[in-house]
Amino acid sequence: MRKAQIAALTVATLAVASAYYGLADSLDLVPGPLSAASSSYRPQPYPTPSPPAEESGTPSGLDADAPAPTAAALNSMASTLASDPMVGKGTTATTVIDVATGETLLDVNGGSALTPASSNKVLTAWAALSALGPDHTLTTKAVVSGGTVTLVGGGDVLLAADAGDPSATVGHAGLGDLARSTAEALKDKGVTSVSVALDDTLFTGPSWNSSWEDGNQAWVAPIQPIMLDVTAHSHSGAYPSDPAMEAAKAFSDQLTAAGVAVTGDVTRGAASSDASELASVESAPLADVLSVSLKASDNTMTEVEGRLVAIDAHREATFEGATGAVLAQLGTDGFDTTGVTMLDCSGLALGDKVSSRLLAQIIARSAGADGGTVGRTLLTALPVGALDGTLGDRFEGVRGAGTVRAKTGSLGTTASLTGTVVTKDGRQLAFAVIVDDFEDGGLTSARTAIDNDFVIPLADCGRSRGSACAHGNPPRDRRPAAPQHRRRYALGRPYHRSARCRPARGRDGRGPGGGPHGPHDRLSGLAARAHEEYGG
């Protein structure tokens with residue numbers, strides 16, 4: 001009896017399913033012999049997607065008629081920052097310049113030379129672009145003399161160990177490609193066995209700066225003119241002790257793999273004057289290289305860029321030669337470097353001293369009509385708030401997301417920010433803010449104060465009632481509700497990226513309310529530097 005019931009139910013189920021499938025088939029919802037479509041049906045073109053509607057409440061771009069912030073409003077922001085307990089005993093300096101007119105709107109302590117941290121990289125970037133040009137590339141080559149092939153470093157510290165990627169900046173040129181081309185050239189000469197040497201004499205003097213504190217070995221490599229991708233070590237906390245030799249050994253291994261026997265170990269020495277070139281590879285253009293070094297605040301890359309400026313100026317490619325060449329180039333370009341002390345190009349040295357006025361002037365020139373290709377290249381290489389680089393997790397869900405484009409600076413007792421901001425009304429301002437000599441361990445608090453007391457209110461400037469500039473008294477800690485999706489702006493034009501916003505927070509993941517007395521701010525000097533984006 002039970003078997004008969006099961007059989008009957010199965011037949012009924014199959015009958016119903018068949019009926020529904022036939023209906024679906026006739027409506028062309030599933031494959032089958034039936035069809036409700038006309039035999040004359042023709043495929044229709046894919047519909048053209050429409051762009052998303054403009055979001056309300058966000059700037060549509062630069063507005064030449066937008067009002068500049070009043071002196072009273074700006075001075076109030078500067079005063080709020082200077083008196084904020086989160087900066088402790090730190091000294092503050094703030095400068096704001098209207099990009100459209102070149103007028104200095106705020107200059108509080110702007111002439112004082114303070115430790116800039118990695119904002120120092122702005123000086124080096126301008127000088128490198130001005131002296132060398134955005135299209136400048138770096139050549140790594142192999143030459144031969146007698147039975148020795150010498151690998152000659154030309155300043156490329158982003159080399160791939162094997163094949164290069166022409167579409168990339170990091171790893172644009174590859175030592176494997178160079179070795180294979182070298183092997184072909186040797187075989188054409190009938191050479192099948194060689195010794196390999198490294199020529200890294202492009203740079204001279206010490207590879208380590210005596211002004212750098214012990215412990216900074218975790219944030220910068222020995223400065224040499226050839227390296228395998230140095231950015232691969234940026235978050236490892238350790239660099240190779242001899243990156244140039246590491247690259248030379250990789251080249252030697254690739255040469256062996258290409259069928260040329262290598263005798264003995266790789267040696268070091270300048271290439272012979274009678275050596276002939278076998279092959280070469282080229283780096284990505286300087287404009288692309290700077291975009292990597294500035295967004296990531298890479299100290300090693302910046303020190304190398306400074307030495308390239310020195311070589312172009314026919315100076316010694318040393319730390320002193322590099323800083324001297326950078327300052328000389330800035331002077332040639334009309335910037336007043338009086339009072340500047342530059343011990344390195346990256347900003348790791350606590351003895352570096354630069355004014356917020358000079359930093360803001362370089363940015364204002366870059367963004368203005370006189371900036372030219374040099375300025376626009378520098379500006380586009382800077383991190384963008386809540387989007388990328390060392391600003392990727394700052395200004396999230398608040399004014400400044402997408403509208404702040406700036407170089408960060410962080411050391412154990414110094415924080416800075418240098419760049420541009422587009423106000424709520426669309427006015428572009430160049431700014432520089434430095435908080436120097438706060439207590440070691442107060443980095444997160446000082447950086448939060450810079451953002452909340454100064455930069456976010458500056459971005460919030462507008463005509464509307466309640467704006468940070470409407471009454472000349474910026475409300476403290478204004479945080480609009482975070483939207484579900486955020487629109488990014490750079491140079492006055494929007495970015496789109498679908499991403500959920502998170503509330504503004506400090507580098508330690510806590511909200512900006514975490515004060516200077518919280519346990520997350522009780523950091524040792526070395527631990528504080530771990531919050532620095534490796535010098536950022």
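Everything discussed here concerns the structure shown above.
This text gives an overview of the structure that appears in the document. (Residues numbered from 1 in each chain as written. Predicted model: local features only at pLDDT ≥ 70, side-chain atom pairs only at ≥ 80, totals over all residues. Heavy atoms only, no water.)

Attention now moves to the overall build of the chain. A count of helices and strands for the chain gives 12 helices and 17 strands. Split into buried and exposed, the 536 residues of the chain put 53% on the buried side. For the chain, contacts bridging at least 24 residues in sequence account for 68% of all contacts bridging at least 6. Surface exposure of the chain reaches about 22600 Å², of which carbon and sulfur atoms provide 53%. (Helix = DSSP H or I, 4+ residues; strand = E, 2+ residues; numbered from the N terminus. Buried < 20%, exposed > 50% of the residue type's maximum accessible area, 1.4 Å probe, protein only. Contact = heavy atoms within 4.5 Å. Areas by Shrake-Rupley, 256 points an atom, 1.4 Å probe, with all protein chains shown as cover.)

Viewed as axis vectors pointing N to C, helix α3 (residues 121–132) and helix α7 (residues 299–312) meet at an angle of 40°, and their least axial separation amounts to 9 Å. Comparing the axis directions of α3 and α7 gives the class oblique. Two packed elements cross with a definite hand, and for α3 against α7 that hand is left-handed. Contact residues: K121, T124, A127, A128, A131 and L132 in α3; N299, T302, E305, G306, L308, V309 and D312 in α7. (Axes fitted to C-alpha atoms, helices over the stretch in contact; angles between N-to-C directions. Parallel < 35°, antiparallel > 145°, perpendicular 65-115°, else oblique. Left-handed = near helix turned anticlockwise from the far one by under 90°.)

Moving on, we get to helix α4 (residues 175–188). For α4, which comprises 14 residues, the first-to-last C-alpha distance of 20 Å matches the rise-based estimate of 20 Å (1.5 Å per residue) to within 8%. Where α4 is concerned, the buried positions are L175, G176, L178, A179, T182, A183, A185 and L186. Of the residues flanking the end of α4, it is G190, one or two places downstream, whose phi is positive at about 80°. (Expected span 1.5 Å × (residues − 1).)

With that settled, the discussion passes to the pairing of strand β4 (residues 139–145). One ladder, built from six bridges, connects β4 with strand β11 (residues 276–282); its direction is antiparallel. By the bridge assignment, V144 is partnered in β11 with S276. In this sheet, strand β5 (residues 148–152) lies alongside β4 in antiparallel orientation, the contact comprising five bridges. Across the sheet, the residue bridging to V144 is V149, located in β5. The turn joining β4 and β5, which pair antiparallel and follow one another in sequence, is formed by two residues; a positive phi near 65° is taken by G146. (Pairing = 2+ DSSP bridges.)

Let us look at the nonpolar core. Core analysis: the biggest nonpolar cluster contains 63 residues, and L123, V230, I362 and L378 have the highest contact counts within it. In terms of residue count, α3 provides more of this core than any other element does, eight residues in total. Setting aside anything within four residues of it in sequence, one finds V230 in contact with V157, L158, A221, Y239, D298, T300 and M301. By size, the runner-up hydrophobic cluster in this structure holds 34 residues, among which are L74, M86, A406 and C469. (Core = buried A, V, L, I, M, F, W, Y, C linked by side-chain atoms within 4.5 Å.)

With that settled, consider the sheet that holds strand β14 (residues 414–422). Strands sit in the order β2-β1-β15-β14-β13 across an open sheet of five strands; the sheet is antiparallel. Every interior strand has two partners, whereas the edge strands, β2 (104–108) and β13 (404–411), have only one. Across this sheet, the average inter-strand angle for adjacent strands is 5°, counted without regard to direction. Contacting β1 (91–98), β2, β14 and β15 (428–436), helix α9 (residues 356–367) crosses the sheet at an angle of about 155° to β15.

Counted under the stated rule, the structure contains 12 salt bridges. For K89, the salt bridge identified is with D437, shortest N-O distance 3.7 Å. With K89 in the loop between α2 (71–83) and β1 and D437 in the loop between β15 and α11 (443–459), this residue pair connects regions lying 348 residues apart in the sequence. Relative accessible area serves as the criterion here: at 52%, K89 is assigned to the exposed category. D437 gets classed as partly exposed once you look at its relative accessible area, which sits at 42%. Measuring nitrogen to oxygen at the nearest pair gives 2.6 Å for the salt bridge that ties R394 to D451. Note that R394 is positioned in the loop between α10 (372–380) and β13 and D451 in helix α11, a separation of 57 residues in sequence. Take R394 and D451: they sit in the same class, and that class is buried. If you follow the salt bridges from partner to partner, you end up with D162, D177 and R180 in one network. (Salt bridge = Lys/Arg side-chain N within 4 Å of Asp/Glu carboxyl O.)

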